[in-house]
Amino acid sequence: MINFKELIAEKIANVTEIEKEEILGYIEVPPSDDMGDYAFPCFKLAKVLRKAPNMIAEELKSKIETDENIVDIQIVGGYLNFYINKLVLAENVLKEIDAKKDEFGASNYGDNKTVIVEYSSPNIAKPFHIGHLRNTVIGSALYNIYKFLNYNTIGINHLGDYGTQFGKMIEGYKRWENEYDLEENPIDQCMDIYVRINNLCKEDENVLNACRENFKKIEDGDPECIALWNKFKDLSLKEFQKIYGLLNVKFDSYNGEAFYSDKMDEVVERLDASGALVDSEGAKIVDLEDKGLGVCIIKKSDGSSIYATRDLAAVLYRAKTYDFDKCLYVVAYEQNLHFKQVFEVAKHLGISEKNLKGLEHVAYGMVRLTTGKMSTREGTVIKVHELLEEAIDRVLKVIEEKNPEMENKEEQAKKIGIGAVIFNNLASTIIKDQVFDWNIALNFNGETGPYIQYVYVRTKSILEKLGYVPTIDMVDFSALQDKASIAILKSLYNFENVLKQVVDKNEPSILARYLIELATAFSNFYNDNKIIDDDETVKNSRVYLAYAVGNTLKLGASLLGMEMPDRM
């Protein structure tokens, strides 16, 4: 497609001798269509040209010529406002959609650079709760969009499958094995064992020591402890896969913490060789006080490792295995200090500058209950499978009331209910905390996932009513020059740019908000125009525009992990 912004930047650069790339960074989209399609704030050049912004605007306008793409230039205050040719816009956008179809918006933006996205990463033998849900859908959306923009993308589920908690699980299972059948509701059973043993540890120090000893046995390769640990892991993964299937989430690797247990010695050796590792009261640490980051423990005084050691082993392994350009850690902001420490210590591992620059913590806000913070130890969590089942049930009840004859009711309810939950987690800036409320999470009114799905279904019903999808040569671009049509065309034109913004900022909410805006633009178009018009040319043109909107809504929603229903 024609890049109107680049054309404008080139015109300004040619008459100012300022680099086009610098000009591109200044060009804005005005708040109102009446003020043009693009605006250049001339005050940005005031210091360089040593003139008042309005004088700069007058001078630039006198030197820049309009053409078949940029049809008008106006001055408003210190801004130079540019008006593009809407016929050219319509032709470019719709021909691009016709040519690319399900690849509309895709590009070589990533240039096959390697991006690792670490996300989800639940703890084995513990419930998959709503905190993990947010982590999972954020990471999955980023994974999908990076891949769509031609990044070599690797999704890693860094399972929490290592640590003293498994010593606790083993101790509890040894004590109460006869009371539990792990083949039935394994996560709930494991959760109950964990809560019980954790309470016992609080009462009896000897029990806690026995749990620690069990974990040491795992590290030492004890067959009984390893067998139980693998049992918990396999049963948990089987349950997690059910949730991932519902959410359309995929991974390329399930290498969790335990995978790096035999790779930590190299980390210690490299840090020691670099001179960064020092002894402190029997422990081995890297002192980061001069960076304002405190102390990073690498080995505790009893010789055991901690999260940081295993994360450093993962950094080293990923650098050697993938030579990544970016390695994203989708983890709650509570771990900010941890990742700052890990990234700082990683500078002493001998990996490349490219790898070091690529380490990035994609922090998201915490999910809390209306009653306060969730606690696995106390058993106060909202389980994701319960949330998804409730969402589907609520939608099904609405369908039974309003459209009981609908085909495939259960399948449609599943897509709408799960879509509502996914979109609810992605609609706001990810850094914001969320207070979980059933009524908000499953609200299907307003700017929600079901609203986007409803508009998509409306575009689909228009095509079904007509009985065919018009071909691009049946479209008269001059029939799509009304205000509502232009609003849609501008939105469609911006789709690729929106996807680029998502990966530039690692912010899926940018795409979520875009889909709401596109759906709203279509609703306005639908209300303002008779789409199945008596005029054959107008009808085909408007129906094709409806097809283009439906195609883009479905594509954008799929990148977020949502599926579109056939009926609503």
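Report on the accompanying structure.

**Observations regarding the overall build of the chain**
When its secondary structure is counted, the chain shows 22 helices and twelve strands. For the chain, restricting intrachain contacts to residue pairs at least 6 apart in sequence, the fraction spanning at least 24 positions comes to 75%. If you average the places of the 68 positive and of the 91 negative side-chain charges in the chain, the two averages end up 1 Å apart.

**Quick look at helix 10 (residues 223–247)**
Between its first and last C-alpha, helix 10 extends 36 Å over 25 residues, near the 36 Å set by a 1.5 Å rise per residue. Among the residues of helix 10, the N-terminal cap falls to Asp222, whose side-chain oxygen and the backbone nitrogen of Glu224 are separated by 3.3 Å. Two residues or fewer after helix 10 comes Asn248, characterised by a positive phi angle close to 60°.

**Description of the environment of Asn494**
Along the chain, Asn494 falls in the loop between helix 19 (483–493) and helix 20 (495–505). With 20 residues separating them along the chain, Asn494 and Met474 place their C-alpha atoms 24 Å apart.

**Considering the packing of aromatic side chains**
Tallied over the full model, the rule gives 23 aromatic pairs. Aromatic side chains Tyr260 and Tyr317 sit 5.8 Å apart centroid to centroid with 70° between the ring planes, which places their arrangement in the edge-to-face category. In this pair, Tyr260 is assigned in the loop between helix 10 and helix 11 (264–274) and Tyr317 in helix 12 (residues 307–322), connecting sequence segments 57 residues apart. The exposure class assigned to Tyr260 is buried, which follows from its relative accessible area of 1%.

Basis of the calculations
Residues numbered from 1 in each chain as written. Predicted model: local features only at pLDDT ≥ 70, side-chain atom pairs only at ≥ 80, totals over all residues. Heavy atoms only, no water. Helix = DSSP H or I, 4+ residues; strand = E, 2+ residues; numbered from the N terminus. Contact = heavy atoms within 4.5 Å. Lys, Arg positive; Asp, Glu negative; His and termini not counted. Charge placed at Lys NZ, Arg CZ, Asp CG, Glu CD. Expected span 1.5 Å × (residues − 1). Polar contact = N/O pair within 3.5 Å; in protein donor to acceptor, adjacent residues only side chain to side chain. Phe/Tyr/Trp six-rings, centres within 6.5 Å; stacked < 30°, edge-to-face > 60°. Buried < 20%, exposed > 50% of the residue type's maximum accessible area, 1.4 Å probe, protein only.

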